[in-house]
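Next come the chains, spelled out residue by residue.
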Amino acid sequence: LGGGYALEAWLIENWGVYAELASVDHLTFVLGPGTRGAHVRLLLAALRGAQACEPARAREAARSRLDRTRLGAVLAGSTQLSTPRDAFYAQSEAVPIEDAIGRASAELVYSYPPGVPILCPGECVRAEAVALLREVRELGGTIVAADGELHTLLCLAEGAP
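Please read these numbers as outputs of a predicted model, since none were measured by experiment. (Residues numbered from 1 in each chain as written. Predicted model: local features only at pLDDT ≥ 70, side-chain atom pairs only at ≥ 80, totals over all residues. Heavy atoms only, no water.)

As for its position among the elements, E107 is in the loop between α6 (97–100) and β4 (109–112). Although buried, E107 forms no salt bridge, and the nearest oppositely charged side chain, R103, lies 11 Å from it. Engagement of the side chain of E107 in a polar contact is seen with the backbone nitrogen of L154, the distance being 2.8 Å. Sequence-distant contacts of E107, that is, excluding residues within four places in its chain, are made with L119, C120, P121, A145, A146, L153 and L154. (Helix = DSSP H or I, 4+ residues; strand = E, 2+ residues; numbered from the N terminus. Buried < 20%, exposed > 50% of the residue type's maximum accessible area, 1.4 Å probe, protein only. Lys, Arg positive; Asp, Glu negative; His and termini not counted. Salt bridge = Lys/Arg side-chain N within 4 Å of Asp/Glu carboxyl O. Polar contact = N/O pair within 3.5 Å; in protein donor to acceptor, adjacent residues only side chain to side chain. Contact = heavy atoms within 4.5 Å.)

Take a look at the structure:
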């Protein structure tokens, strides 16, 4: 059903079942002292219903999910242009995200959940990182940044150390 965000939307729409937390490819459900057997049975029935969805739809969803090997490559390929501390305290400016490519980020940018940084202060903004952030957002993820809509990115001001 397209990963965690899409599955959560499907469960809400079709079963009235809400996850505590959704991510690109996970859902977290919380059971507590107020949880009754009927709640658990409803959750299990809803998950079985999701599992029984059309195989073609499941194949399409698998293609749309975030490629975890690409995520690792984006994170491993980063380059620091300045120390995180220097970048954090330096003068910064918001620039259109496409213009930020090749410049030093002045902010920490991550998707939540899980909260793993995609860009750190002082890191060179790469096209691959921008594409990954956009993909996570398109899949339903929340981007934590000065501009969570990803129109702009805070970068070191021109001439900043």
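Let us now look at helix α2 (residues 37–51). Its 15 residues place the ends of α2 21 Å apart at the C-alpha level, agreeing with the 21 Å of an ideal helix rising 1.5 Å per residue. Those residues of α2 that are buried are in contact with α1 (4–15). (Expected span 1.5 Å × (residues − 1).)

What follows covers the packing of aromatic side chains. For the structure on display, the rule yields 1 aromatic pair. Ring centres 5.1 Å apart and planes at 90° place the aromatic pair F88 and Y89 in the edge-to-face group. (Phe/Tyr/Trp six-rings, centres within 6.5 Å; stacked < 30°, edge-to-face > 60°.)

With the rule as written, the count across this model stands at 5 salt bridges. A salt bridge links E93 to R103, with the shortest nitrogen-to-oxygen separation between them at 2.5 Å. Separated by 10 residues along the polypeptide, E93 in strand β3 (residues 92–96) and R103 in the loop between α6 and β4 bring together distant segments of the chain. Given a relative accessible area of 28%, E93 falls into the partly exposed group. Taking relative accessible area as the criterion, R103 reaches 16% and is therefore assigned buried. Connected via shared salt-bridge partners are E93, R103 and E158.

All right, on to helix α7 (residues 127–138) then. Between its first and last C-alpha, α7 extends 16 Å over 12 residues, near the 16 Å set by a 1.5 Å rise per residue. For α7, the set of buried residues is A129, V130, L132, L133 and V136. Viewed end-on, α7 has its buried residues packed into an arc of 160°, placing them on one side of the element. Positioned one or two residues after α7, G140 has a phi angle of 110°, which is positive. (Arc of directions from axis to C-beta.)

This paragraph deals with the state of the cysteines. Throughout this description, disulfide means a covalent bond between two cysteine sulfur atoms. Inspection of every chain in the model, using the stated rule, returns 0 disulfides. Note on C155: no disulfide assigned, nearest cysteine sulfur contributed by C124 at a separation of 9.3 Å. Here C155 falls in the buried class, since its relative accessible area comes to 0%. (Disulfide = S-S within 2.5 Å.)

Right, let's get into the environment of L31. Within the secondary structure, L31 is located in the loop between β2 (27–28) and α2. When the C-alpha atoms of L31 and E20 are compared, they prove to be 9.7 Å apart, with 11 residues separating the residues in sequence.

Keep in mind these values describe shape, not function.
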